[in-house]
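A structural walkthrough
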Amino acid sequence: MIPDSEVRLTQMTKTAGCAAKIGPGTLAGILEHLPKFHDPSLLVGIETSDDGAIYKVSEELALIQTLDFFTPVVDDPYTFGQIAAANALSDIYAMGGEPKVALNIVAWPNCLNPAILGRILEGGASKVLEAGAVLAGGHSIQDDEPKYGLSVTGFVHPDKVFKNCEARPGDILILTKPLGTGIINTAVKADLASQEAKEEVIKVMTSLNRKAKQVIERYDVHSCTDVTGFGLAGHAVEMAEGSGVTLVISVKDLPVQKEAFELARMGLVPEGAYKNRTYTSDHVDYEDTEECMIDIFCDPQTSGGLLISVSRKDGEQIMKDFAQADMETTCRIIGEVTKKQEKSVKLRNHL
């Protein structure tokens, strides 16, 4: 057994957090061969690559089902548990629901002290408790790399579901967390990130999207998704293609975490960012955007923010409500929705 003092969870894995996801291109090729399931009560399935599945139970109630797990993004076990849980819970918020029941998903090496796993589970439980849900068991297996996450069930009214495929021309786009977690975590793993950058990325990753969801559910949300492993590039393309529109995103308005620009210029970019760029390249017009900004746009996010499409009037009021809600992270209007053009996502240095 490895002595606890020598354990660095991030050094036991090849990739970290949502950067460990199978690339979007590979995943799309796999999923296209699956059989199609048809049920009139299945309101949201895999067709639009949405954040979870939604099944209508009654005229007043629909069930949201999701699961998410990954390898460590930080060395502290408790913090890793918090991040993984916040990331999994986010899918429920991104679809307009409230999480109710969570189950642990664990893969654990025999060479590590089980007490470390206990701290991971405590961290995850703290976020489930903060979300107002209950933790009711789980499943574990032995593995060479540590992994943790949750399967989460939530509830939503069938008429109040947020989908990722109904953005409308004339809408504005809002992002509720700054970008750069994949880049910062890569730098942390290489001992090249400052303490200030480490603290900010942990704050971003451990913050629930609960407050943002509680604000926007009071408005007519046309489209919503959380930004995770496919980066803002991948999730923006999914929203644009699913909605049949073009998203025009202002580079200067994108919120970015401290040091992400400098670290990207140094080449501290996770492999997942390059996979995301390759997959989305035919759908994105980058114009003359700086290379490091493209890296940030494609950077795989772990427990990222919500990307929201709403009318301009509602969006402006939402931003005022965010200011009053004491949000833990930076929220910004980052662009607008237009009619379908040659490219489904366009980066602009000037809007």
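Residues numbered from 1 in each chain as written. Predicted model: local features only at pLDDT ≥ 70, side-chain atom pairs only at ≥ 80, totals over all residues. Heavy atoms only, no water.

1. Remarks on the nonpolar core
By size, the foremost hydrophobic cluster in this structure holds 77 residues, and its most contacted members are Leu150, Leu232, Leu247, Ile249, Phe297, Leu307 and Val345. The leading source of residues in this core is helix H2 (residues 77–94), at nine residues. What valine 345 contacts, discounting residues up to four positions off in sequence, is Ala236, Val237, Ala240, Thr246, Leu247, Ile249, His283, Val284, Asp285 and Phe297. (Core = buried A, V, L, I, M, F, W, Y, C linked by side-chain atoms within 4.5 Å. Buried < 20%, exposed > 50% of the residue type's maximum accessible area, 1.4 Å probe, protein only. Helix = DSSP H or I, 4+ residues; strand = E, 2+ residues; numbered from the N terminus. Contact = heavy atoms within 4.5 Å.)

2. Observations concerning the sheet that holds strand S7 (residues 172–175)
Read from one edge to the other, the open sheet built from seven strands follows the order S8-S11-S7-S12-S9-S13-S10, with strand pairing classed as mixed. The two strands at the open ends of the sheet, each matched to only one other strand, are strand S8 (223–226) and strand S10 (284–285). Taken together, the four bridges between S7 and strand S11 (residues 306–310) define a ladder with antiparallel strand orientation. Its bridge partner lying in S11, isoleucine 172 is registered against valine 310. (Pairing = 2+ DSSP bridges.)

3. Quick notes on the side chain of threonine 181
Looking at where threonine 181 falls in the secondary structure, it is placed in helix H4 (residues 181–189). Assessed through its relative accessible area of 1%, threonine 181 is described here as buried. The contacts of threonine 181, once residues within four sequence positions are left out, are Val201, Val204, Met205, Gln257, Asp299, Pro300, Gln301 and Thr302.

4. Notes on the packing of H2 against helix H3 (residues 114–130)
Where H2 contacts H3, the axes come no closer than 7 Å and their chain directions differ by 40°. Classed by the angle they form, the pair H2 and H3 counts as oblique. Along this stretch, H2 crosses H3, giving a crossing that reads as right-handed. Two secondary-structure elements touch here, H2 through Pro77, Tyr78, Phe80, Gly81, Gln82, Ala85, Ala86 and Leu89 and H3 through Ile116, Arg119, Ile120, Glu122, Gly123, Gly124, Ser126, Lys127 and Val128. (Axes fitted to C-alpha atoms, helices over the stretch in contact; angles between N-to-C directions. Parallel < 35°, antiparallel > 145°, perpendicular 65-115°, else oblique. Left-handed = near helix turned anticlockwise from the far one by under 90°.)

5. Quick notes on the packing of aromatic side chains
Applying the stated criterion to the full structure yields three aromatic pairs. Taking 6.4 Å as the distance between ring centres and 75° as the angle between the ring planes, the aromatic pair formed by phenylalanine 80 and tyrosine 148 counts as edge-to-face. One end of the pair, phenylalanine 80, is in helix H2; the other, tyrosine 148, is in strand S6 (residues 147–156), and 68 residues separate them in sequence. Taking the relative accessible area as the measure of exposure, tyrosine 148 reaches 1% and is therefore buried. Ring centres of tyrosine 286 and phenylalanine 297 lie 6.2 Å apart, and the angle between their planes is 85°; on these two criteria the pair is classed as edge-to-face. Of this pair, tyrosine 286 sits in the loop between S10 and helix H10 (291–298) while phenylalanine 297 sits in helix H10, placing them 11 residues apart in sequence. Exposure class is identical for tyrosine 286 and phenylalanine 297. Each is buried. Here the aromatic residues Phe70, Phe80 and Tyr148 are joined through ring pairs into a cluster of three or more. (Phe/Tyr/Trp six-rings, centres within 6.5 Å; stacked < 30°, edge-to-face > 60°.)

6. Section: helix H9 (residues 271–280)
All of the buried residues along H9 are Gly272, Ala273, Asn276 and Thr280. The buried side chains of H9 occupy one side of the element, clustering within an arc of 105° when seen end-on. Opposite the buried face of H9, at more than 90 degrees from it, the exposed residues are Glu271 and Thr278. (Arc of directions from axis to C-beta.)

7. Considering the pattern of salt bridges
Counted under the stated rule, the structure contains 18 salt bridges. Between lysine 252 and aspartate 253 there is a salt bridge; the shortest N-O distance is 3.5 Å. One salt-bridge network, held together by shared partners, links Asp285, Glu287, Lys346 and Arg348. (Salt bridge = Lys/Arg side-chain N within 4 Å of Asp/Glu carboxyl O.)

8. Notes on the sheet that holds S6
The strands making up a sheet are joined through hydrogen bonds of the backbone, oriented either antiparallel or parallel. Spatially, six strands are ordered S1-S2-S3-S6-S4-S5 in an open sheet, and the strand pairing comes out mixed. Two strands lie at the open edges of the sheet, namely strand S1 (42–44) and strand S5 (134–142), each paired on one side alone. For this sheet, the mean inter-axis angle between neighbouring strands, taken without regard to orientation, is 20°. Sheet topology places strand S2 (residues 53–56) next to strand S3 (residues 62–70); four bridges connect them, and they run antiparallel. Following the sheet pairing, alanine 53 is matched in S3 by glutamine 65. Lying over the sheet, H2 contacts S3, strand S4 (98–108) and S6, oriented at roughly 30° with respect to S6. Where H3 meets the sheet, it contacts S4, S5 and S6, and its direction lies at approximately 165° from that of S4.

The analysis is restricted to geometry; functional conclusions fall outside its scope.
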